[in-house]
Amino acid sequence: MTESPQEMPGNASPTPRNRGVGMLIITAYGIFAVSSFARALYQILTDFDASPVSYSLSAFAATVYIVATLALAKIGPRAWLVALIAVLVELAGVLAVGLWTYLDPELFNEATVWSHFGEGYGFVPLLLPFIGLFWLLRHRPGTEAARDTAG
(Lines give C-alpha, C1' and ligand atoms only; values in the text may rest on other atoms or scores of the structure.)
Protein backbone atom coordinates (compact mmCIF):
# COMPACT_ATOMS: atom_id res chain seq x y z
CA MET A 1 0.00 0.00 0.00
CA THR A 2 1.45 3.35 -0.99
CA GLU A 3 1.15 6.52 1.01
CA SER A 4 -0.21 9.69 -0.52
CA PRO A 5 2.13 12.70 -0.49
CA GLN A 6 0.11 14.31 2.34
CA GLU A 7 0.43 11.18 4.49
CA MET A 8 4.20 10.88 4.13
CA PRO A 9 6.14 11.95 7.22
CA GLY A 10 8.16 14.64 5.42
CA ASN A 11 5.04 16.27 3.94
CA ALA A 12 2.86 16.78 6.98
CA SER A 13 0.14 19.27 6.14
CA PRO A 14 -0.43 22.18 8.51
CA THR A 15 -3.13 21.99 11.14
CA PRO A 16 -6.36 23.76 10.17
CA ARG A 17 -7.14 26.95 12.11
CA ASN A 18 -10.00 25.27 13.99
CA ARG A 19 -8.09 22.11 15.02
CA GLY A 20 -5.37 21.36 17.55
CA VAL A 21 -4.43 24.48 19.50
CA GLY A 22 -7.18 26.28 17.58
CA MET A 23 -9.75 24.06 19.30
CA LEU A 24 -8.41 25.15 22.68
CA ILE A 25 -8.72 28.80 21.66
CA ILE A 26 -12.25 28.24 20.37
CA THR A 27 -13.13 26.44 23.60
CA ALA A 28 -11.83 29.36 25.68
CA TYR A 29 -13.89 31.79 23.60
CA GLY A 30 -16.90 29.50 23.91
CA ILE A 31 -16.60 29.42 27.69
CA PHE A 32 -16.45 33.21 27.80
CA ALA A 33 -19.35 33.45 25.36
CA VAL A 34 -21.60 31.26 27.50
CA SER A 35 -20.54 32.64 30.86
CA SER A 36 -20.66 36.32 29.87
CA PHE A 37 -24.01 35.82 28.12
CA ALA A 38 -25.51 34.10 31.18
CA ARG A 39 -24.11 36.73 33.51
CA ALA A 40 -25.33 39.65 31.37
CA LEU A 41 -28.77 38.13 30.88
CA TYR A 42 -29.21 37.53 34.60
CA GLN A 43 -27.96 41.02 35.50
CA ILE A 44 -30.16 42.75 32.94
CA LEU A 45 -33.27 40.78 33.85
CA THR A 46 -32.91 41.08 37.62
CA ASP A 47 -31.22 44.38 38.41
CA PHE A 48 -30.54 46.50 35.31
CA ASP A 49 -31.26 49.81 37.08
CA ALA A 50 -28.48 49.17 39.61
CA SER A 51 -25.71 49.50 37.00
CA PRO A 52 -26.93 50.00 33.42
CA VAL A 53 -23.48 50.85 32.04
CA SER A 54 -21.82 47.76 33.52
CA TYR A 55 -24.63 45.43 32.51
CA SER A 56 -24.83 46.85 28.98
CA LEU A 57 -21.08 46.42 28.58
CA SER A 58 -21.38 42.85 29.85
CA ALA A 59 -24.01 42.17 27.17
CA PHE A 60 -21.78 43.77 24.52
CA ALA A 61 -18.82 41.63 25.66
CA ALA A 62 -21.02 38.53 25.46
CA THR A 63 -22.01 39.42 21.89
CA VAL A 64 -18.37 39.88 20.90
CA TYR A 65 -17.38 36.53 22.44
CA ILE A 66 -20.26 34.75 20.68
CA VAL A 67 -19.35 36.22 17.28
CA ALA A 68 -15.66 35.45 17.83
CA THR A 69 -16.39 31.87 18.86
CA LEU A 70 -18.57 31.15 15.84
CA ALA A 71 -16.18 32.81 13.38
CA LEU A 72 -13.11 31.09 14.84
CA ALA A 73 -14.84 27.71 14.50
CA LYS A 74 -15.44 28.21 10.77
CA ILE A 75 -12.92 28.01 7.95
CA GLY A 76 -12.71 30.39 5.03
CA PRO A 77 -11.70 33.95 4.27
CA ARG A 78 -14.99 35.54 5.35
CA ALA A 79 -15.02 33.69 8.69
CA TRP A 80 -11.38 34.65 9.20
CA LEU A 81 -12.17 38.33 8.61
CA VAL A 82 -15.18 38.25 10.96
CA ALA A 83 -13.04 36.54 13.61
CA LEU A 84 -10.28 39.11 13.16
CA ILE A 85 -12.73 42.00 13.54
CA ALA A 86 -14.36 40.41 16.59
CA VAL A 87 -11.00 39.79 18.28
CA LEU A 88 -9.86 43.36 17.52
CA VAL A 89 -13.13 44.71 18.98
CA GLU A 90 -12.57 42.48 22.00
CA LEU A 91 -9.04 43.82 22.45
CA ALA A 92 -10.22 47.43 22.14
CA GLY A 93 -13.08 46.71 24.55
CA VAL A 94 -10.99 45.11 27.26
CA LEU A 95 -8.39 47.89 27.03
CA ALA A 96 -10.96 50.70 26.98
CA VAL A 97 -13.26 49.30 29.66
CA GLY A 98 -10.28 48.21 31.76
CA LEU A 99 -8.89 51.74 31.73
CA TRP A 100 -12.34 53.32 32.11
CA THR A 101 -13.03 51.31 35.28
CA TYR A 102 -9.89 52.78 36.85
CA LEU A 103 -10.54 56.35 35.67
CA ASP A 104 -14.25 56.50 36.60
CA PRO A 105 -14.93 53.75 39.16
CA GLU A 106 -18.19 55.38 40.36
CA LEU A 107 -19.75 54.60 36.98
CA PHE A 108 -19.00 50.90 37.48
CA ASN A 109 -20.61 49.96 40.77
CA GLU A 110 -20.83 46.41 39.36
CA ALA A 111 -18.05 44.61 37.50
CA THR A 112 -18.10 43.57 33.87
CA VAL A 113 -16.07 40.83 32.21
CA TRP A 114 -13.63 43.52 31.07
CA SER A 115 -13.50 45.54 34.35
CA HIS A 116 -9.94 46.22 35.50
CA PHE A 117 -8.69 44.43 32.39
CA GLY A 118 -10.49 41.20 33.31
CA GLU A 119 -9.12 41.05 36.85
CA GLY A 120 -12.17 39.12 38.08
CA TYR A 121 -11.41 36.41 35.52
CA GLY A 122 -7.69 36.10 36.20
CA PHE A 123 -6.85 38.59 33.42
CA VAL A 124 -7.79 35.96 30.82
CA PRO A 125 -9.97 38.56 29.01
CA LEU A 126 -6.83 40.65 28.55
CA LEU A 127 -4.69 37.75 27.30
CA LEU A 128 -7.29 36.02 25.11
CA PRO A 129 -7.43 38.61 22.29
CA PHE A 130 -3.63 38.59 21.97
CA ILE A 131 -3.68 34.80 21.70
CA GLY A 132 -6.57 34.99 19.23
CA LEU A 133 -4.80 37.58 17.08
CA PHE A 134 -1.59 35.56 17.07
CA TRP A 135 -3.49 32.45 15.99
CA LEU A 136 -5.49 34.26 13.32
CA LEU A 137 -2.44 35.94 11.83
CA ARG A 138 -0.62 32.61 11.67
CA HIS A 139 -3.61 31.13 9.79
CA ARG A 140 -4.63 34.01 7.56
CA PRO A 141 -6.16 33.30 4.16
CA GLY A 142 -3.60 32.96 1.40
CA THR A 143 -0.97 31.32 3.59
CA GLU A 144 0.08 27.71 3.06
CA ALA A 145 -1.89 26.60 6.13
CA ALA A 146 -5.05 28.26 4.87
CA ARG A 147 -4.70 26.89 1.33
CA ASP A 148 -4.08 23.35 2.50
CA THR A 149 -7.12 23.32 4.78
CA ALA A 150 -9.68 25.29 2.77
CA GLY A 151 -11.06 22.26 0.99
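Located above this text is the structure these notes cover.
It should be emphasised that the depicted structure is a prediction, and the values quoted were computed from it without experimental measurement. Residues take numbers from 1 onward in each chain, read along the sequence in its written order. Residues qualify for local features only when their pLDDT is at least 70, as the model is predicted, and side-chain atom pairs are given and counted only at 80 or more; totals for whole chains, interfaces and linings, by contrast, use all residues. Just so you know, side-chain values use all the structure's heavy atoms and leave hydrogens and water out.

Draft legend 1. Expanded view of the nonpolar core. Take the buried Ala, Val, Leu, Ile, Met, Phe, Trp, Tyr and Cys residues and link them wherever side-chain atoms come within 4.5 Å; each set so joined is a nonpolar core. Burial classes follow relative accessibility: with a 1.4 Å probe on protein chains only, a residue under 20% of its type's maximum area counts as buried, one over 50% as exposed, and anything between as partly exposed. Grouped together as the largest cluster of nonpolar side chains are 27 residues, with contacts concentrated most on Tyr29, Tyr65, Leu72, Trp114 and Leu136. Counting from the N terminus, the helices are DSSP H or I runs at least four residues long and the strands are E runs at least two residues long. The dominant element in this core, judged by the number of residues it contributes, is helix α3 (residues 77-103), at 8 residues. In contact with Tyr65, not counting residues within four places along its chain, are Tyr29, Phe32, Ala33, Ser36, Glu90, Val113, Trp114, Pro125 and Leu128. Should any heavy atoms of two residues lie within 4.5 Å, those residues are considered in contact.

Draft legend 2. How the structure looks around the environment of Trp100. Position of Trp100 relative to the elements: it lies in helix α3. Ignoring anything within four residues of it in the chain, the contact list for Trp100 reads Val53, Leu57, Pro105, Leu107 and Phe108.

Draft legend 3. Structural context of the packing of aromatic side chains. Note on ring pairs: Phe, Tyr and Trp rings are taken, using the six-membered ring of Trp, and paired if centres are within 6.5 Å. Classes follow the plane angle, with under 30 degrees stacked, over 60 edge-to-face and the rest tilted. Going through the model one piece at a time under the given rule, you end up with 7 aromatic pairs. For the pair Tyr29 and Tyr65, a centre-to-centre distance of 6.1 Å together with 55° between the ring planes defines the contact as tilted. Here the residue Tyr29 occupies a position in helix α1 (residues 21-47), and Tyr65 occupies one in helix α2 (residues 52-73), the gap between them amounting to 36 residues. Considered together, Tyr29 and Tyr65 belong to a single accessibility category, that of buried residues. When the centroid spacing of 5.0 Å and the interplanar angle of 85° are considered together, the rings of Trp100 and Phe108 count as edge-to-face. When its relative accessible area of 35% is taken as the criterion, Trp100 is described as partly exposed. Chaining the aromatic ring pairs together yields one cluster made of Tyr29, Phe32, Phe60, Tyr65, Trp114 and Tyr121.

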